[in-house]
Amino acid sequence: MEWKFLMADKSGPARKTRDYRLFSERVIKSAQMLEKSLSEYIIMEDEDLNTNKLLRETREIIALSEDPVHTFRMLRRVRRYDDLTYIHSLNVAILCHEFANWMRMSEEEQDELTLAGLLHDVGKMGVPGKIIKKAGSLTDEEFAIIRQHPQKGYDLLKHHPLDERIKKAALMHHERCDGSGYPNGLTEDEIDDFAKIVAIADYYDALTSARVYREPRCPFEVFRMFQKEEQKFDSTYLQIFMEGVASFYIGCQVVLSDNRTARIVDTNPTDQSNPIVKIDGLIVNLAMVPELDVKEIC
């Protein structure tokens, strides 16, 4: 699929409301289908997971919009479905689908990486809902239970006819290249490449999506967080990811840290967290103005 990078959304409020309602209904339906499919897969241990159906559902969501900015904004706004685990899984799958495009992977590999994103959190089905949905801070005991979900996910998938990289993504998506991750404290050379990619998409979506305990963070703020913790992620994949996502926002209006509005006119090849913007008719490289950064995407 070839994305069209639209400079601005000129549709009226009624169209936007209708589009969002239809999109929301479609995503919620897909999230429900994903939950049902995974539940049946876990309960009926001899049954294979219908990955073709899961891929088809994911592709249909992507096809709802030719504008990736619109797609990701819509996904972050979906609130009505009770368990955000499945919305998050769809988001990560779509990010992985695009990552495969940026990497110029074959169609087969694109499908495998998309499935890796879709199934990476399957182990959370073994975590009590009261912990997953808890609004406050987790206790040490609750966090220890959460940290078990990668191993639980791998154990659910390991005996089924899936690409081994999908299983490793479920197991390793919280591992970090500097050895600070879990469940096994692996280092860069020990982590599967698909798991490294899913880890980046998972981290990005978790922070840019709303949670019961905080508002969503701006993508450019998350880029700055990536830069501070770059030793934790594969540098090659991280660069590709940030360049790809940053290009989605060319043409978008943003609010800067001094509350002025600006429009993104280009990415910054040396610092994706500080794009090139147009402010009051002037072109400004935010990397050259340390006191300014992007606070919010309108």
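Residues numbered from 1 in each chain as written. Predicted model: local features only at pLDDT ≥ 70, side-chain atom pairs only at ≥ 80, totals over all residues. Heavy atoms only, no water.

Section: the sheet that holds strand S2 (residues 261-266)
Then step 1. In spatial order, the strands read S4-S3-S2-S1-S5; together these five strands make up an open sheet with antiparallel pairing. Sheet topology places strand S4 (282-285) and strand S5 (294-297) at the edges, where each strand pairs with a single neighbour. Put simply, the sheet's adjacent strands are angled 40° from each other on average, direction ignored.
Then step 2. Note that strand S3 (residues 276-279) and S4 share four bridges and pair antiparallel. (Pairing = 2+ DSSP bridges. Helix = DSSP H or I, 4+ residues; strand = E, 2+ residues; numbered from the N terminus. Axes fitted to C-alpha atoms, helices over the stretch in contact; angles between N-to-C directions.)

Side note on the packing of helix H2 (residues 51-63) against helix H5 (residues 107-119)
Then step 1. One can describe the packing of H2 onto H5 by two numbers: an axis separation of 10 Å at closest approach and a directional angle of 90°. When the axes of H2 and H5 are compared, the pair comes out roughly perpendicular. Taking contact as the criterion, the partners of Thr-51, Leu-54, Leu-55, Thr-58 and Arg-59 in H2 are, on H5, Asp-111, Thr-114, Leu-115, Leu-118 and Leu-119. (Parallel < 35°, antiparallel > 145°, perpendicular 65-115°, else oblique. Contact = heavy atoms within 4.5 Å.)

Topic: the pattern of salt bridges
Then step 1. Applying the stated criterion across every chain, the model contains 14 salt bridges.
Then step 2. Residue Glu-142 is joined to Lys-134 by a salt bridge in which the shortest nitrogen-to-oxygen separation is 2.7 Å.
Then step 3. With relative accessibility at 18%, the residue Glu-142 sits in the buried group.
Then step 4. Exposure remark for Lys-134: the relative accessible area of 26% places this residue in the partly exposed category.
Then step 5. Through salt bridges with shared partners, a single network forms among Glu-109, Asp-163 and Arg-165. (Salt bridge = Lys/Arg side-chain N within 4 Å of Asp/Glu carboxyl O. Buried < 20%, exposed > 50% of the residue type's maximum accessible area, 1.4 Å probe, protein only.)

Here we look at the confidence of the model for the protein chain
Then step 1. In the predicted model, the protein chain carries a mean pLDDT of 85, and 85% of its residues have values of at least 70.
Then step 2. Per-element confidence in the protein chain is highest for helix H9 (residues 164-172), whose mean pLDDT is 98, and lowest for helix H3 (residues 68-77), whose mean pLDDT is 66.
Then step 3. pLDDT under 50 marks residues 1-11. Its contacts with residues more than four places away, or in other chains, come to 28 contacts.
Then step 4. Segment residues 79-83 is flagged for pLDDT under 50; beyond a separation of four residues in sequence, or across chains, it makes 13 contacts in the model. (pLDDT = per-residue confidence, 0-100.)

Things to note about helix H12 (residues 235-248)
Then step 1. In this model, H12 (14 residues) spans 20 Å end to end at C-alpha, consistent with the 20 Å of a helix rising 1.5 Å per residue.
Then step 2. Of the positions making up H12, those classed as buried are Tyr-237, Leu-238, Phe-241, Met-242, Gly-244, Val-245, Ala-246, Ser-247 and Phe-248.
Then step 3. Of the residues that open H12, the one with a side-chain oxygen 3.1 Å from the backbone nitrogen of Thr-236 is Asp-234. (Expected span 1.5 Å × (residues − 1). Polar contact = N/O pair within 3.5 Å; in protein donor to acceptor, adjacent residues only side chain to side chain.)

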